[in-house]
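# Topology and contacts: notes
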Amino acid sequence: MVEVKLILQNELGLHARPAADFTKLASKYKSRITLKGNGKAADGKSIIMVLTMGVRKGGELIITADGPDEVECIEALRALVESNFNGARE
């Protein structure tokens, strides 16, 4: 299991587009992904669960990945959050 703690810097917080980008990227991995923030925990592959967390700018996010591709997964999700969700555009 691999875990990373980040401070959300995205101006509007974890709203619809960033949540969609996060879950889309998370779904590419086999590992189980858990996202914690704002006193809540969510399945990192569930957009509804991620949206209902209500994490705002400056809030702490804890991302946990557990599985065969956990290191690659956590690094990709870290990069996405640290880029303020600008890295997910295709």
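So, here's what we can say about the structure. (Residues numbered from 1 in each chain as written. Predicted model: local features only at pLDDT ≥ 70, side-chain atom pairs only at ≥ 80, totals over all residues. Heavy atoms only, no water.)

### So, the packing of helix α1 (residues 16–26) against helix α3 (residues 70–82)
Two numbers describe how α1 lies on α3: the axes approach to 10 Å, and their chain directions differ by 165 degrees. Judged on the interaxial angle alone, α3 and α1 are roughly antiparallel. For the element pair α1 and α3, the recorded crossing hand is right-handed. Contacts between α1 and α3 pair Asp21, Phe22, Leu25 and Ala26 from the former with Ala76, Leu77, Leu80 and Val81 from the latter. Of the residues in the contact of α1 with α3, the class split is 7 nonpolar, no polar and 1 charged. (Axes fitted to C-alpha atoms, helices over the stretch in contact; angles between N-to-C directions. Helix = DSSP H or I, 4+ residues; strand = E, 2+ residues; numbered from the N terminus. Parallel < 35°, antiparallel > 145°, perpendicular 65-115°, else oblique. Left-handed = near helix turned anticlockwise from the far one by under 90°. Contact = heavy atoms within 4.5 Å. Nonpolar A, V, L, I, M, F, W, Y, C, P; charged D, E, K, R; others polar.)

### Focus: the environment of threonine 64
Following the sequence through the fold, threonine 64 ends up in strand β4 (residues 60–66). Along the sequence, threonine 64 and alanine 76 sit 12 residues apart, while their C-alpha atoms lie 12 Å from each other. Threonine 64 has contacts with Met1, Val2, Glu3, Arg32, Ile33, Thr34 and Ile74, leaving out every residue within four places of it along the chain. In terms of polar contacts, threonine 64 uses its side chain to reach the side chain of glutamate 3, at 3.3 Å. (Polar contact = N/O pair within 3.5 Å; in protein donor to acceptor, adjacent residues only side chain to side chain.)

### Observations concerning the side chain of threonine 34
For threonine 34, the position within the fold is in strand β2 (residues 32–37). Dropping the residues within four chain positions of it, threonine 34 is found in contact with Ala42, Gly44, Ile62, Ile63 and Thr64.

### Topic: the sheet that holds strand β1 (residues 2–7)
The antiparallel open sheet is built from 4 strands, whose spatial order is β1-β4-β2-β3. A single partner strand is all that each edge strand has here, and the edge strands are β1 and β3 (40–43). Neighbour-to-neighbour, the strand axes of this sheet turn through a mean angle of 20 degrees, independent of strand direction. (Pairing = 2+ DSSP bridges.)

### A look at a nonpolar patch on the surface
On the surface, a nonpolar cluster with roughly 250 Å² of combined accessible area is contributed by Ile47, Ile48 and Leu51. When you line up the elements, isoleucine 48 lands in helix α2 (residues 47–51). On the basis of relative accessible area, isoleucine 48 is assigned to the exposed category, the value being 59%. (Patch = residues over 30% accessible without salt bridge, like charges linked within 9 Å, V, L, I, M, F, W, Y side chains within 5 Å. Areas by Shrake-Rupley, 256 points an atom, 1.4 Å probe, with all protein chains shown as cover. Salt bridge = Lys/Arg side-chain N within 4 Å of Asp/Glu carboxyl O. Buried < 20%, exposed > 50% of the residue type's maximum accessible area, 1.4 Å probe, protein only.)

### Let's talk about α3
Here α3 contains 13 residues, and its C-alpha end-to-end distance of 18 Å stays within 8% of the 18 Å for a straight helix at 1.5 Å per residue. The complete set of buried residues in α3 reads Glu70, Cys73, Ile74, Leu77, Leu80 and Val81. Looking straight down α3, one finds its buried side chains confined to an arc of 125 degrees; they lie on one side. Seen from the buried face of α3, the exposed residues on the opposite side, beyond 90 degrees, are Val71, Glu72 and Glu82. Elements that come into contact with the buried residues of α3 comprise β1, α1, β2 and β4. Just past α3, the residue asparagine 84 takes up positive phi, approximately 60 degrees. (Expected span 1.5 Å × (residues − 1). Arc of directions from axis to C-beta.)

These results come straight from atomic positions and should not be treated as a statement about function.
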